[in-house]
There are 2 protein chains.
Amino acid sequence: MSVSETYYPSEPTAPVVKTSAIPGPESQKQTKELSTVFDTRPVYFVADYEKSNGNYIADVDGNVYLDVYAQIASIALGYNNPALIEAAKSPEMIRALVERPALGNFPGKDFKQILDNILKVAPKGQDKIWSGLSGADANELAFKAAFMHYQAKKRGYATGFSEEEEATTMLNQSPGSPELAILSFKRAFHGRLFASASATCSKPIHKIDLPSFKWPKAEYPDYKYPLEDNAEYNDAEDKRCLAIVENLLNDWHAPVAAVIIEPIQSEGGDNHGSAAFFQGLRDLTLKYGSLLIIDEVQTGVGATGTMWAHEHFNLSPAPDMVTFSKKFQSAGYFFHDPELVPNYSYRQFNTWCGDPARMIIAGAIAKEVVDKNLIANAKEVGDYLFGKLEELSKKYPTELSKLRGKGRATFIAWDASSSEARNNFLAKMKLNGVNVGGCADHSIRLRPTLTFGKKHADLLVATIDKVLSEN
Amino acid sequence: MSVSETYYPSEPTAPVVKTSAIPGPESQKQTKELSTVFDTRPVYFVADYEKSNGNYIADVDGNVYLDVYAQIASIALGYNNPALIEAAKSPEMIRALVERPALGNFPGKDFKQILDNILKVAPKGQDKIWSGLSGADANELAFKAAFMHYQAKKRGYATGFSEEEEATTMLNQSPGSPELAILSFKRAFHGRLFASASATCSKPIHKIDLPSFKWPKAEYPDYKYPLEDNAEYNDAEDKRCLAIVENLLNDWHAPVAAVIIEPIQSEGGDNHGSAAFFQGLRDLTLKYGSLLIIDEVQTGVGATGTMWAHEHFNLSPAPDMVTFSKKFQSAGYFFHDPELVPNYSYRQFNTWCGDPARMIIAGAIAKEVVDKNLIANAKEVGDYLFGKLEELSKKYPTELSKLRGKGRATFIAWDASSSEARNNFLAKMKLNGVNVGGCADHSIRLRPTLTFGKKHADLLVATIDKVLSEN
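Residues numbered from 1 in each chain as written. Chains lettered and ligands numbered in written order. Predicted model: local features only at pLDDT ≥ 70, side-chain atom pairs only at ≥ 80, totals over all residues. Heavy atoms only, no water.

(A) Representation of the overall build of chain A within the structure. Assigned secondary structure in chain A consists of 15 helices and 17 strands. Summarising its shape, the C-alpha atoms of chain A cover approximately 70 × 55 × 45 Å along the three principal directions. Across the 471 residues of chain A, 67% fall into the buried class. Across chain A, the fraction of contacts at a sequence separation of at least 24, relative to all contacts at a separation of at least 6, is 72%. Here chain A has roughly 15,500 Å² of accessible surface; of this, 53% comes from carbon and sulfur atoms. (Helix = DSSP H or I, 4+ residues; strand = E, 2+ residues; numbered from the N terminus. Buried < 20%, exposed > 50% of the residue type's maximum accessible area, 1.4 Å probe, protein only. Contact = heavy atoms within 4.5 Å. Areas by Shrake-Rupley, 256 points an atom, 1.4 Å probe, with all protein chains shown as cover.)

Shown next as structure tokens:
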């Protein structure tokens, strides 16, 4: 019995498409009502989560889609998962919802256990956690830790602030508010608040009109595919990109406190970097005294075939911080160096210090991932799916090119011939009962749940084949 | 029957203090265990939320405190409130926890109702909402809306971006990433992420070592008390502060897209501004083309005797945005101008666009506030309490001075003679069974729940009297 059959005995066996256009009339009606109070322009359809089941999402028109987008890569196990429903009904969850604590000042007696449940699946080399609320929040909290750490190295971890630092920070001026930088990469996405948007470099729409920090952008490798036929070119590409990083670490007008990078650039087009590239980056950060932050907001929690995507690289030493969110429902960063906890309390601090309700869900997801061996499932199904897509790629070389994600479980993407062709493809897939998402300008990304099985993969491949054959 | 008796038939009738020191031995033991994975230096005690009830919080040593700090002003109704427990157990809550949606793309069919429940108590003049996750997040989302609005006024709301804007924002440079400012006030607290910390000006510890935007700080009125004896001085203080604001709006090197201000500066010391000051500010923002953002993160949800504290000022026209969080458990901003929704979709956007689980709790709190008339209760109890504290202030003029919050329900504060005296006072209050918080350098702030009654006020006043008499 497959994992999805175990969890979801009544999961649909195929999509149902009842309306001739998507969104259907009822979705359109409800969207219009919602638009009086909320920005509904990005709405694809109004969902019926009560009727969604496993890998299938239902809408209010009675359409039921196989979902390989999964709330922008945010659903780990599938809809109405029985283990998560149990966690949601637990007495500790009721307390977390009703008695939301200021966790830094008044943690509850169950808080240690809640964190331990998450830490059981911490990335290799990490044993501590700081909690946030979203991916952008997690990255900015990691930036804060990095900046405090950088200054602490300068003044000494145990040394207090100078009077000048205390006075100037109240005026937002140096040295109390120093000129320091985070180095990120072109095509990166790290969030849309002000510091995270300053590190983001995916599309103008993500950051235009926002004042920003003048932080440097290196280049992320742009490989030729298939990888096995282009080893020499791609190796040179790694070296080219690492040289740019080294120049920026050397030359940038402000010290680079940390480098932040995605193991696979996701919003930016599912761009991959090799283990050699990442180890080179680890080496450079050590050489120049910058921290290395791995942003696993989209790549984390099993979808690439390891709990955390950067574990494929076996980095030595481990990265300094690993940020998470999305599939884990909660957010924050893992770390291990005790000196990443600032020298005084109330520096890395806020009212809530995370949300225990969402942390309980994260712990429940972690338990299921381990107990049900879901990463092995994702790997097996991903390899199977990748093979089928390789065949399709030969059949449709223009509309299914640059297939990427081999050996990365179901974290698979490819390019269409243009933005228009991609958007048409996504719309036609919905009309054929498959909810799938794009990234960058003309890429398609697959982000199914960890319970996505071979039967779902077959259905997905058949639908892609049908849609592309109708071109 | 008082409100608290209705909700909490078994609420303790008095605190219980079992340990000779706080935190007690069991709290210390559990804190030590927690410290291996979490920064526990700010921990006051480890709470037992299961045993907490109404206005009383229990710890793991069996101590039970009357709580007038309430998770840094974040508990609206009291611990284990039956109406919130019901909301936490509802099928819509289970769905919100288990099927966390990307609300911008795939809102659920119950989302409109969830928002409407919150909008029922929107500030006067506001009828739309954008959702965030914390107070800092809410303020930064409001900043984003303000910056996009400012640039849209310049280029025309329906006008697209120029090629130059699109190219330069990818380099974090002007004109795509423009030099624009948010004006805030000295002693203000608006959060600790990078843009919010750039507006925050309360204490060095809140922002030191973080790179910051060079944004201007005006002065918030510093009144003499009691207000009725110092009308002339305080009126002149309003004018002095407004003149500083006008100079900054006029002269600052970057255009000021918005002014953000707390109706009562809370972390910064419970500093009040008059209705005349706030109307003057409203007039100046209109004159200079800046938006007015009222930060009601700590002041909102009834504790000042109106649902939103700025409603005391009857501002005309209404502020452009009102941010909220804390007592509402959810977060975001209210607004009314349709042009505060950016011209293109996916500009004000992120994966989750808020948390429906926390929004459901906010709606349930709003319903209780209205149905149980909790604002009237807070007002009546607050007036009663203020009268008693005025008497104590005469008895202890040094350690209970500058009493403020008259006519602002239970949102009351005063000054101790020094930081040390204040911290001693807070520690002794805990040893006498009352959990109370400080703000600024040497102030004490009361932040009880909306179900705080006269009997609780009597107990609080008696304990203050006892502690101060032992000096």
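Anyway, onward from the coordinates.
(B) Structural context of the sheet that holds strand β1 (residues 47-53) of chain A. Residue and element names in this part refer to chain A. Strands sit in the order β1-β2-β3-β15 across an open sheet of 4 strands; the sheet is mixed. Of all strands in the sheet, those bounded by a partner on one side alone are β1 and β15 (434-435). Relative to strand β3 (residues 64-67), strand β2 (residues 56-59) runs antiparallel, the two sharing 3 bridges. Pairing of Y56 across the sheet is with L66, part of β3. (Pairing = 2+ DSSP bridges.)

(C) Inspection of the sheet that holds strand β16 (residues 437-439) of chain B at higher detail. Residues and elements named next belong to chain B. Within the open sheet, the 4 strands sit side by side as β13-β14-β17-β16. Their pairing is antiparallel. Looking at which strands have only one partner, the edges of the open sheet turn out to be β13 (401-404) and β16. The sheet shows a mean angle of 25 degrees between the axes of neighbouring strands, direction not considered. As judged from the 2 bridges shared by β13 and strand β14 (residues 413-415), these two strands associate in the antiparallel manner. The residue bridging R404 from the neighbouring strand is A413, located in β14. (Axes fitted to C-alpha atoms, helices over the stretch in contact; angles between N-to-C directions.)

(D) Layout of the interface of chain B and chain A. If you look at the interface, chain B gives 120 residues, while chain A gives 120 residues. When chain B packs against chain A, close to 11,100 Å² is buried across both sides, 63% of that on carbon and sulfur atoms. At the junction of chain B and chain A, the tally comes to 14 salt bridges. Across the pair K109(A) and E50(B) runs a salt bridge whose closest N-O atoms are separated by 3.6 Å. For the pair chain B and chain A, the interface holds 62 residue pairs in polar contact (both at pLDDT 80 or more). Counting residues per element, the side of chain B that touches chain A draws most heavily on helix α7 (residues 135-155) of chain B, at 8 residues. For the side of chain B that touches chain A, the residue count by class is 61 nonpolar, 28 polar and 31 charged. (Buried area = accessible area lost by both parts, 1.4 Å probe. Salt bridge = Lys/Arg side-chain N within 4 Å of Asp/Glu carboxyl O. Polar contact = N/O pair within 3.5 Å; in protein donor to acceptor, adjacent residues only side chain to side chain. Nonpolar A, V, L, I, M, F, W, Y, C, P; charged D, E, K, R; others polar.)

(E) Region of interest: the pairing of strand β5 (residues 181-185) of chain B. Residues and elements named next belong to chain B. By the criterion of burial, β5 is predominantly enclosed, with 5 of the 5 residues buried. As paired strands, β5 and strand β7 (residues 256-261) are joined by 3 bridges and run parallel to one another. From the neighbouring strand, A181 faces β7, where its bridge partner is V256. Note: β5 against strand β6 (residues 217-218), 2 bridges, orientation parallel. By the bridge assignment, S184 is partnered in β6 with K217.

(F) Layout of the pattern of salt bridges. As enumerated under the stated definition, the model contains 68 salt bridges over all chains in all. We note a salt bridge from D39(A) to R41(A), for which the minimum N-O separation is 2.9 Å. By relative accessible area, D39(A) is classed as buried at 11%. Owing to a relative accessible area of 38%, R41(A) belongs among the partly exposed residues under this scheme. Between R358(A) and D355(B) there is a salt bridge; the shortest N-O distance is 2.7 Å. Pair noted here: R358(A) is in helix α12 (residues 356-371) and D355(B) is in the loop between β12 (331-335) and α12 (356-371), and the two residues belong to different chains. Given a relative accessible area of 3%, R358(A) falls into the buried group.

(G) Expanded view of the packing of aromatic side chains. Applying the stated criterion across every chain yields a total of 59 aromatic pairs over all chains. Between F38(A) and F111(B), the aromatic rings sit 4.9 Å apart at their centres with planes inclined by 90 degrees, giving edge-to-face as the arrangement. Within this pair, whereas F38(A) is found in the loop between α2 (25-34) and β1, its partner F111(B) is found in helix α6 (residues 111-119), the two belonging to separate chains. Pair check on accessibility: F38(A) and F111(B) agree, each one buried. Each member of the aromatic cluster is reached from another via a ring pair, and the members are F143(A), F147(A), F194(A), F213(A), W215(A), F143(B), F147(B), F194(B), F213(B) and W215(B). Above the plane of the ring of Y233(A) lies K224(A), whose end atom (NZ or CZ) is 4.3 Å from the centre. The ring of W352(B) carries R100(B) above its face, with NZ or CZ at 3.6 Å from the centroid. (Phe/Tyr/Trp six-rings, centres within 6.5 Å; stacked < 30°, edge-to-face > 60°. Lys NZ or Arg CZ within 6 Å of the ring centre and 35° of its normal.)

(H) Structural detail: the domain arrangement of chain A. All names here are of chain A. Structurally, chain A comprises domain 1 (3-83 + 372-469) and domain 2 (101-354). For domain 1 and domain 2, the distance between their C-alpha centroids amounts to 29 Å. In this assembly, 27 residues from domain 1 lie in contact with 26 residues from domain 2. Of the roughly 2,100 Å² buried between domain 1 and domain 2, counting both surfaces, carbon and sulfur atoms make up 54%. Of all residues in domain 1, I375, R408 and F411 bury the most surface against domain 2, accounting for 29% of the area lost on that side. Summed over the shared surface of domain 1 and domain 2, the number is 4 salt bridges. The residue R447 makes a salt bridge to D270 at a minimum N-O spacing of 2.3 Å. Joining domain 1 to domain 2, the criterion identifies 14 residue pairs in polar contact (both at pLDDT 80 or more). For the side of domain 1 that touches domain 2, the secondary structure elements donating two or more residues are α3 (70-73), α13 (374-395), β13 (401-404) and β17 (443-445). Residue composition of the side of domain 1 that touches domain 2, grouped by class: 15 nonpolar, 5 polar and 7 charged. (Domains from an automatic or database assignment.)

(I) The nonpolar core, seen in detail. Counting residues in hydrophobic clusters, the biggest one holds 232 residues, and the most contacted among them are F185(A), F328(A), F185(B) and F328(B). Contacts of F328(B), omitting those with residues within four sequence positions, involve I118(B), V121(B), V301(B), M307(B), W308(B), F334(B), R358(B), A362(B), I365(B) and A366(B). (Core = buried A, V, L, I, M, F, W, Y, C linked by side-chain atoms within 4.5 Å.)

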